[in-house]
Amino acid sequence: MPPKSFQAASPKLAVRGVGKRYRLNGGKTIDAVHDVSFDVMEGEICALLGPSGCGKSTVLRMVAGLEDPSSGAMFLDNAQIDGPHKSRGMVFQRYTSFDWMTVQKNVEYGMKINGVSKADRGAQADHFIQMIQLSKFKNAYPCQLSGGMQQRVAIARTLANGPSILLMDEPFGALDAETKWQMQELMISIVETSKVTVLIVTHDIEEAIFLADRIIFMSRHPGTVRENMVTEFKDGRRFSSHEEMIEAKGFHEIEKKIMHMMRDEMRNDREEALQEC
Ligand SMILES: Nc1ncnc2c1ncn2[C@@H]1O[C@H](COP(=O)(O)OP(=O)(O)OP(=O)(O)O)[C@@H](O)[C@H]1O
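First things first, this report covers the structure right here in the doc.

The rules we used
Residues numbered from 1 in each chain as written. Predicted model: local features only at pLDDT ≥ 70, side-chain atom pairs only at ≥ 80, totals over all residues. Pairing = 2+ DSSP bridges. Helix = DSSP H or I, 4+ residues; strand = E, 2+ residues; numbered from the N terminus. Axes fitted to C-alpha atoms, helices over the stretch in contact; angles between N-to-C directions. Near = placed C-beta within 6 Å. Nonpolar A, V, L, I, M, F, W, Y, C, P; charged D, E, K, R; others polar. Expected span 1.5 Å × (residues − 1). Buried ≥ 20, exposed ≤ 12 C-beta atoms within 10 Å, placed from the backbone. Arc of directions from axis to C-beta. Core = buried A, V, L, I, M, F, W, Y, C linked by C-beta atoms within 7 Å. Contact = placed C-beta atoms within 7 Å. Parallel < 35°, antiparallel > 145°, perpendicular 65-115°, else oblique. Left-handed = near helix turned anticlockwise from the far one by under 90°.

Taken in spatial order, the 4 strands line up as S2-S1-S4-S5 in an open sheet, and their pairing is antiparallel. Edge positions in the sheet fall to strand S2 (29-40) and strand S5 (79-80), since each of these pairs with one other strand and no more. As paired strands, strand S1 (residues 13-23) and strand S4 (residues 71-76) are joined by 5 bridges and run antiparallel to one another. Looking at S4, one finds that Val 15 is bridged to Met 74.

Below you can see the structure in the form of structure tokens.
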């Protein structure tokens, strides 16, 4: 958990009144998100959670600078976000490593492009490969690794570029349940070691509660912030295992609260669909 002194400071990421309107074929428009505002503090893990189509990925893509907001603005370290930049590292659901490069070369790649010397990038890569617990596989190619291991390489590659914030779009969505737990637990240890700030998109309630210090729950049509929740039941710590979280006082209450909000959103959706019929 980030130290309390950081929490009072200005936010690492500030999202202010952001909206996104897409233009569809035939001139129609769709408001994907509307008036989204939230802060992420330095060292925090913040989860964007909500039903399918509420605009989580749209918000993340705008923070990444891959899309421009139609209204509002976003600031990282007080500087307005305007297009992609290496200060914002992105990890996607599908594995994005280069198949023709070893794990080591994959992790070194961004540093090489940025002109880091061979010796320095070797040492840095070793550090990050150790962090993702793949030292034994540093000379392997991605196709020789499991899905979870490939995703770990993607995380190391991104962190090796020294981002100010790590953006993750359902990074564990394609993994089986057991690997997903392992990855989430490893993610906690990576954040504790690297101190990186994280904004992660998920629709998995348990994942959001396990990983996040702050959960931004979004509602649909158009997507907006329904609730900004600090996971207070964690009492200033992060859990190292799911079992530890499930046994913690307050876990079931927050889980139930979020489940109700999810059901509520789904009900609203069904009612809207019926009205349209
Ligand atoms: N490029 C686009 N053009 C038109 N509409 C889009 C585009 N991208 C997203 N949308 C629409 O914006 C809304 C939000 O989409 P988005 O993918 O951000 O939601 P999400 O919450 O991440 O969904 P999921 O959990 O299913 O991935 C949806 O209605 C979607 O159809």
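Glancing now at the sheet that holds strand S3 (residues 45-49). Strand order in the open sheet made by the 6 strands is S6-S7-S8-S3-S9-S10, with mixed pairing throughout. At either end of the open sheet lies a strand with only one pairing partner, and these are strand S6 (88-91) and strand S10 (224-230). The average undirected angle you get between the axes of adjacent strands in this sheet is 20 degrees. By the bridge criterion, 5 bridges tie strand S7 (residues 165-169) to strand S8 (residues 197-202) in an arrangement that is parallel. What sits directly across from Leu 167, in S8, is Leu 199.

Here the focus is the site of the ligand. Taken together, the neighbourhood of the ligand is formed by 13 residues, with Tyr 22, Ala 32, Ser 52, Ser 57 and Thr 58 sitting nearest. Elements with a contribution of two residues or more to the shell around the ligand: S2 and helix H2 (56-64). For the shell around the ligand, the class distribution of residues is 5 nonpolar, 7 polar and 1 charged.

Locating Glu 67 in the fold gives a position in the loop between H2 and S4. Separated by 47 residues in the primary sequence, Glu 67 and Lys 20 have C-alpha atoms spaced 9.0 Å apart.

Okay, helix H4 (residues 118-131) next. With 14 residues, H4 should reach 20 Å at 1.5 Å per residue; the first-to-last C-alpha distance of 20 Å fits that figure. Within the span of H4, buried status applies to Arg 121, Ala 125, Phe 128 and Ile 129. Taken end-on, H4 shows its buried residues confined to a sector of 100 degrees, consistent with a single buried face. Across from the buried face of H4, at angles greater than 90 degrees, the exposed residues are Ala 119, Asp 120 and Ala 123.

Moving on to the nonpolar core. Judged by nonpolar contacts, the single largest core of 63 residues is most densely connected at Ala 47, Leu 48, Val 63, Ala 156, Leu 167 and Leu 199. Looking at this core, the element that brings in the most residues is helix H5 (residues 147-160), giving 6 residues. If sequence neighbours within four positions are ignored, Leu 48 has contacts with Lys 56, Val 59, Leu 60, Leu 199, Val 201, Ile 216 and Met 218.

What follows deals with the packing of helix H3 (residues 103-113) against H5. Interhelical geometry of H3 versus H5 gives an angle of 30 degrees and a closest axis separation of 7 Å. The angle between H3 and H5 places the two elements in the roughly parallel class. The handedness of the crossing between H3 and H5 comes out as right-handed. Residues Val 103, Asn 106, Val 107, Tyr 109, Gly 110 and Met 111 of H3 lie in contact with H5, whose contacting residues are Val 153, Ala 156, Arg 157 and Ala 160. Within the contact of H3 with H5, the residues separate by chemical class into 7 nonpolar, 2 polar and 1 charged.

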